[in-house]
Amino acid sequence: ISQKMGETTVFFLPRISFVGQKAIIDALVSEGMLIESDTKLAFSHQTFLDYFIVADQLEQLTYGKTLLDLLGAADNQTPNLRYRFLVLLQELCDMDESLFLQQCKLVLESDEVRFYYKCAVFEAVAQCITPSDTLCDFVFKYSQTPMWHEYIRQVVYYGNQPHISYLSTKGSLDCLSP
């Protein structure tokens, strides 16, 4: 269901599309995850849809797709889908930091990705509770560029003890100044 909704950006699907899955659909409806309206099905809350789409996207990333493939054209990179992208980044960072860094470099270096989607990379990093030195090095490298310095300073470094500790051990606390 989530895959079809994610592909079509439609939030209701005809129930007839799931004839062979009646027991599963009925169970999800009885548990309140899906709602049925006439002949249509929908998730009862947007977060259920987002969760299943992100899970599917994580699987696609592990099988060789890139974040650029999943994002598609800039016209598809809308504000309402940005939250889902942020959740995807957070989950990817927790799941496989190496893949996360590889994919984030692609996003940050692409001319086909909207700026506010690129910002989500550093928002996801800021949510990491115990960032590795590799992750901190990644952020530090971008913080040294004029394009990202102020944004990273405010979003990642301010009030984020693990990243401040990293800067302190590196002797680079000066990057906290504007």
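Please refer to the structure higher up on the page.
I will try to describe carefully the structure that is included in this document. (Residues numbered from 1 in each chain as written. Predicted model: local features only at pLDDT ≥ 70, side-chain atom pairs only at ≥ 80, totals over all residues. Heavy atoms only, no water.)

Within the protein chain, the regular secondary structure consists of 10 helices and 3 strands. In the protein chain, the order of α-helices and β-strands from amino to carboxyl end is α-β-α-β-β-α-α-α-α-α-α-α-α. Restricting to contacts in the protein chain with at least 6 residues of sequence separation, those with at least 24 account for 62%. Accessible surface computed for the protein chain: about 10,000 Å², of which carbon and sulfur atoms make up 55%. (Helix = DSSP H or I, 4+ residues; strand = E, 2+ residues; numbered from the N terminus. Contact = heavy atoms within 4.5 Å. Areas by Shrake-Rupley, 256 points an atom, 1.4 Å probe, with all protein chains shown as cover.)

Let's shift gears to the packing of aromatic side chains. Counting across every chain of the model gives 10 aromatic pairs. For the pair F43 and F52, a centre-to-centre distance of 5.8 Å together with 25° between the ring planes defines the contact as stacked. Judged by relative accessible area, which is 12%, F43 ranks as buried. For F52, a relative accessible area of 32% translates into the label partly exposed. Ring centres of F115 and W148 lie 5.1 Å apart, and the angle between their planes is 15°; on these two criteria the pair is classed as stacked. One end of the pair, F115, is in helix 7 (residues 115-126); the other, W148, is in the loop between helix 8 (133-143) and helix 9 (149-157), and 33 residues separate them in sequence. (Phe/Tyr/Trp six-rings, centres within 6.5 Å; stacked < 30°, edge-to-face > 60°. Buried < 20%, exposed > 50% of the residue type's maximum accessible area, 1.4 Å probe, protein only.)

A word on the environment of M33. Here M33 shows up in the loop between helix 2 (22-30) and strand 2 (34-37). Residues M33 and D94, spaced 61 residues apart in sequence, show a C-alpha to C-alpha distance of 26 Å. Other than its neighbours up to four places away in sequence, M33 contacts L28, A42, F43, S44, F48 and F52.

One finds L89, F100, F138 and Y157 to be the most contacted residues of the largest nonpolar core, which totals 42 residues. If you list the elements that add at least two residues to this core, you get helix 3 (46-62), helix 4 (67-71), helix 5 (79-95), helix 6 (97-109), helix 7, helix 8, helix 9 and helix 10 (161-170). Of the residues forming this core, the biggest block, 8 residues, is contributed by helix 7. Ignoring any residue separated from it by four or fewer positions in sequence, one finds L89 in contact with L67, F100, C104, A120, V121 and A124. (Core = buried A, V, L, I, M, F, W, Y, C linked by side-chain atoms within 4.5 Å.)

What follows covers helix 5. The end-to-end C-alpha distance of helix 5, which contains 17 residues, comes to 25 Å, matching closely the 24 Å that a straight helix rising 1.5 Å per residue would cover. Every buried residue belonging to helix 5 is among R82, R84, F85, L86, V87, L88, L89, L92 and C93, and all of these are buried. Check the buried side of helix 5 and you find it contacts helix 3, helix 4, helix 6, helix 7 and helix 8. (Expected span 1.5 Å × (residues − 1).)

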